[in-house]
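# Commentary on secondary and tertiary structure
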Amino acid sequence: MQFRDLKAQYAALKTEIDAAMQQVAGDGNFISGAQVAELEEALAEYVGVKHCVTCGNGTDALTMALMSWEIGPGDAVFVPDFTFFASGEVVSFEGATPIFVDVEADTFNLDPVRLEEAVLAVKEEGKLTPRAVVAVDLFGLPADYRSIRAVARKYGLLLLEDGAQGFGGSLDGRRACSFGDISTTSFFPAKPLGCYGDGGAVFTDDEATADYLRSIRVHGKGSFKYDNVRIGMNSRLDTLQAAILLPKLRAFREYELEAVNRAAGWYTERLADVVKTPVVPEGFGSSWAQYTITLESREQRDGIQAALKEQGIPTMVYYPKPMHAQTAFAGLPPVSCPVSDRLCGCVLSLPMHPYLGEGNVEFVCEALRKLL
Ligand SMILES: *Cc1c(COP(=O)(O)O)cnc(C)c1O
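Here's what I pulled together on the structure shown here.

Cut-offs used in this document
Residues numbered from 1 in each chain as written. Predicted model: local features only at pLDDT ≥ 70, side-chain atom pairs only at ≥ 80, totals over all residues. Heavy atoms only, no water. 1 Å grid on protein atoms, 1.4 Å probe; cavity = no way out; pocket = protein on both sides within 12 Å on 5 of 7 lines; lining within 4 Å. Points joined across faces, edges and corners; volume = space filled by probe spheres on them. Helix = DSSP H or I, 4+ residues; strand = E, 2+ residues; numbered from the N terminus. Nonpolar A, V, L, I, M, F, W, Y, C, P; charged D, E, K, R; others polar. Pairing = 2+ DSSP bridges. Near = heavy atom within 4 Å. Polar contact = N/O pair within 3.5 Å; in protein donor to acceptor, adjacent residues only side chain to side chain. Areas by Shrake-Rupley, 256 points an atom, 1.4 Å probe, with all protein chains shown as cover.

With that out of the way, let us pick up the layout of surface pockets. In this structure, the largest pocket occupies an estimated 430 Å³ of space. Around the largest pocket, the lining is made up of 23 residues, and of these F84, Q165, S186, F188 and K191 lie nearest the centre. Taken together, the elements giving at least two residues each to the lining of the largest pocket come down to α3 (58–68) and α4 (86–93). Residue contributions to the lining of the largest pocket peak at three residues, all from α3. Taken together, the residues that form the lining of the largest pocket break down as eleven nonpolar, nine polar and three charged.

What follows is the structure in structure tokens.
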């Protein structure tokens with residue numbers, strides 16, 4: 001059994017993907033080919049925002065958003081403590097200070113109450129200027145934007161949605177990657193919508209921001225490539241990746257998103273009475289980047305993971321270490337994030353992908369139920 005079966009997906013889409021790749025090789029249009037613009041249009045339409053600017057990866061997408069807001073030294077940016085490293089790394093990379101905020105035990109996402117406390121504490125201390133919030137749609141579930149947006153408005157903070165895992169999720173009828181002033185996603189192969197290498201995208205309704213992003217992804221270009229009006233980066237999505245993403249986006253829309261939700265339902269049906277299963281609150285929809293159960297202790301979690309491995313069932317621990325405990329952030333002022341600390345010790349992500357059959361889910365759940 002595969003944790004995320006990318007080969008099964010390729011087998012299902014082989015004809016279209018092979019043709020798309022050959023088309024690019026034949027055209028020789030490897031950078032900024034027509035497929036890139038076509039994909040950007042399709043992504044913007046699907047997400048429901050005016051502009052999509054693709055780029056090299058999800059980390060660059062976050063960096064480009066912060067650059068467009070000129071976030072830098074002296075600025076505080078609030079980031080959930082329980083997430084992938086890049087969500088906070090980009091803040092430090094821009095010279096600003098990430099302030100890690102605890103998450104909700106049920107949804108694994110940024111806790112709006114703790115967020116407001118953290119903003120007030122930074123204001124009170126008076127050393128840094130609160131500028132922005134990075135809200136992460138962890139494991140495919142949008143963060144609580146109803147409350148987070150209210151906090152951001154109240155304190156004049158910019159809202160950046162890190163939708164690297166959230167693509168395809170929804171809240172109150174709107175799709176993920178439309179909730180931030182700027183939103184980003186990643187097409188790393190194992191994400192809900194993945195390509196065959198690195199890729200990412202930035203979404204915004206603001207035309208001036210979109211123009212700026214299109215400039216900085218190509219060395220801060222002005223009216224043409226060799227007119228450089230600002231310091232930028234080299235972060236484009238390859239034509240080959242865009243060509244692969246087009247049929248994958250079609251499959252995602254037509255049946256994959258539905259298939260992961262069906263698989264999540266099979267898990268929850270069979271596990272909810274023996275272990276804490278993921279919570280999808282009213283009005284929210286998940287794209288199930290991960291299906292993550294919460295066990296009672298580190299000993300229990302580690303024991304179960306080892307026992308499942310012996311039976312050929314792959315699982316992962318996302319994430320074993322909270323952000324505030326990462327060595328790279330050792331210089332930051334200390335924060336208290338007890339929920340995040342606890343989750344790192346007891347979460348376990350089970351095999352999850354659109355091609356996971358009910359038989360496989362049954363097998364995993366039978367094994368888990370015996371162990372529990
Ligand atoms: C994967 C991921 C990123 C980074 O995306 P890359 O394309 O790997 O650079 C950022 N944030 C979160 C939450 C992620 O899961």
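This next bit is on the sheet that holds strand β10 (residues 284–285). Reading across the sheet, the three strands line up as β7-β6-β10 and stay open at both edges, with antiparallel pairing between neighbours. Two strands lie at the open edges of the sheet, namely β7 (174–175) and β10, each paired on one side alone. Where strand β6 (residues 170–171) meets β7, two bridges bridge the pair, whose relative direction is antiparallel. Looking at the pairing, S170 lines up with R175 of β7.

Residues in contact with the ligand amount to 14 residues; listed here are only the nearest, G58, T59, D162, S186 and K191. In the environment of the ligand, an oxygen atom lies 2.5 Å from a nitrogen or oxygen atom belonging to the side chain of T59. The fraction of the free accessible surface of the ligand (380 Å²) that becomes covered by protein chains is 93%. Of all elements in the fold, only α3 and α4 reach the threshold of two or more residues within the shell around the ligand.

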